[in-house]
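Take a look at the letters that make up each chain.
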Amino acid sequence: LSSRRRTRVSKFLSGALRHFPEDVGLDLDAAGWANRSTVVSRATEKYDWVDETAVDAVVRTDPKGRFEVDDDRIRAAYGHSVPVDLESGDRPVPAILYHGTAPDNVPSILDGGLRPMSRQHVHLSGSVKAAREVGSRHAADPVVLRVDAAAMVDDDNSITKRGRDVYTTDHVPPSYLSRH
Ligand code: HQG
């Protein structure tokens, strides 16, 4: 597949597994898992230029680790707006994390903290570079905020690594935030 087509399939899978499973006739269980062959069928029904092997390749080689596969199940690793109860896992969390956002959001974030907004969790990045890329989806001149993840964990706020370089939590109170 061309990289354009890979992106189309990846966006369709992310949309279906994070935001609109019902619209494409998918049933997610409480932990966000769907039947893998049903998901593959939905993708091949939507795009006549893709087959099962190509969908599998998109899933397995996703650069951000957006998808998890377990036998005949598949789910989005993060990013959900539909309610899901993901396990917390025990992968290590760096002492400092980052969040990239639009300048317009910063006053409200420093006032009330980072909130999940339309998703189920707040998403943080492991590097300044990754955070800047996330922020650039929202504005041409993104602002990177620094999150004192070690202090959050010390204070019993759970943070979980998902995918390759994404960390999720419920809320980041302003006391753990500063401008990078
Ligand atoms: C902002 C992508 C005002 C927040 C990325 C963000 C990520 C507030 C926006 C993942 C706020 C929500 C998620 C507050 C938060 N006041 N604005 N109190 N609290 N915000 O898209 O983190 O490529 O839902 O700063 O890489 O940008 O799709 O979240 O700007 O990992 O796999 O509200 O999605 O991954 O925007 O992105 P989003 P996000 P994929």
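Refer to the preceding data block for the structure.
**Student:** I tried to follow the packing of helix 1 (residues 3–18) against helix 2 (residues 36–46) on my own but got confused; where do I start?
**Tutor:** In contact at an axis separation of 11 Å, helix 1 and helix 2 are set at 130° when each is read in the N-to-C sense. The pairing of helix 1 with helix 2 is recorded here as oblique in orientation. Read as a crossing pair, helix 1 and helix 2 show a hand that is right-handed. Of the residues in helix 2, those in contact with Phe 12, Leu 13 and Leu 17 of helix 1 are Val 39, Arg 42, Ala 43 and Lys 46.

**Student:** Help me out: how do you make sense of the nonpolar core in this one?
**Tutor:** A general trend in soluble globular proteins is that nonpolar side chains are found buried together. In terms of nonpolar packing, the biggest core is built from 20 residues, with Leu 13, Leu 17, Val 39 and Val 55 touching the most fellow members. The dominant element in this core, judged by the number of residues it contributes, is helix 1, at five residues. Each residue touching Val 39, except ones within four places of it in the same chain, is listed here: Leu 13, Leu 17, Leu 26, Ala 34 and Ile 74. Leu 145, Val 147, Ile 159 and Tyr 167 belong to the second-largest nonpolar core, a separate cluster that totals 16 residues.

**Student:** I keep staring at the site of the ligand and nothing clicks. Help me out?
**Tutor:** By nearness alone, 19 residues border the ligand, and Lys 64, His 99, Thr 101, Ser 108 and His 138 come closest of all. His 99 places a polar side-chain atom, nitrogen or oxygen, 2.6 Å from an oxygen atom of the ligand. In the model, a nitrogen atom of the ligand is placed 2.4 Å from a nitrogen or oxygen of the Ser 108 side chain. Bound to the protein, the ligand loses 87% of the 790 Å² it would expose on its own. Elements that contribute at least two residues to the shell around the ligand include exactly strand 4 (96–101) and helix 4 (106–112). Considering only residue class, the shell around the ligand consists of six nonpolar, seven polar and six charged.

**Student:** Explain helix 5 (residues 128–135) here, please?
**Tutor:** An α-helix turns once every 3.6 residues. As a result, residues three or four positions apart point the same way. Within the span of helix 5, buried status applies to Val 128, Ala 130, Ala 131 and Gly 135. Down the axis, helix 5 shows its buried residues gathered within 160° of arc, on one side only. Elements that come into contact with the buried residues of helix 5 comprise strand 4, strand 5 (122–125) and strand 6 (143–148).

**Student:** Looking at this structure, I do not really get the sheet that holds strand 2 (residues 67–70). What am I missing?
**Tutor:** In a beta sheet, neighbouring strands pair by backbone hydrogen bonds and run either parallel or antiparallel. In space, the three strands of this open sheet follow the order 1-3-2, with antiparallel pairing throughout. Two strands in the sheet have a free side with no partner beyond their single neighbour: strand 1 (34–35) and strand 2.

Cut-offs used in this document
- Residues numbered from 1 in each chain as written.
- Predicted model: local features only at pLDDT ≥ 70, side-chain atom pairs only at ≥ 80, totals over all residues.
- Heavy atoms only, no water.
- Axes fitted to C-alpha atoms, helices over the stretch in contact; angles between N-to-C directions.
- Helix = DSSP H or I, 4+ residues; strand = E, 2+ residues; numbered from the N terminus.
- Parallel < 35°, antiparallel > 145°, perpendicular 65-115°, else oblique.
- Left-handed = near helix turned anticlockwise from the far one by under 90°.
- Contact = heavy atoms within 4.5 Å.
- Core = buried A, V, L, I, M, F, W, Y, C linked by side-chain atoms within 4.5 Å.
- Buried < 20%, exposed > 50% of the residue type's maximum accessible area, 1.4 Å probe, protein only.
- Near = heavy atom within 4 Å.
- Polar contact = N/O pair within 3.5 Å; in protein donor to acceptor, adjacent residues only side chain to side chain.
- Areas by Shrake-Rupley, 256 points an atom, 1.4 Å probe, with all protein chains shown as cover.
- Nonpolar A, V, L, I, M, F, W, Y, C, P; charged D, E, K, R; others polar.
- Arc of directions from axis to C-beta.
- Pairing = 2+ DSSP bridges.

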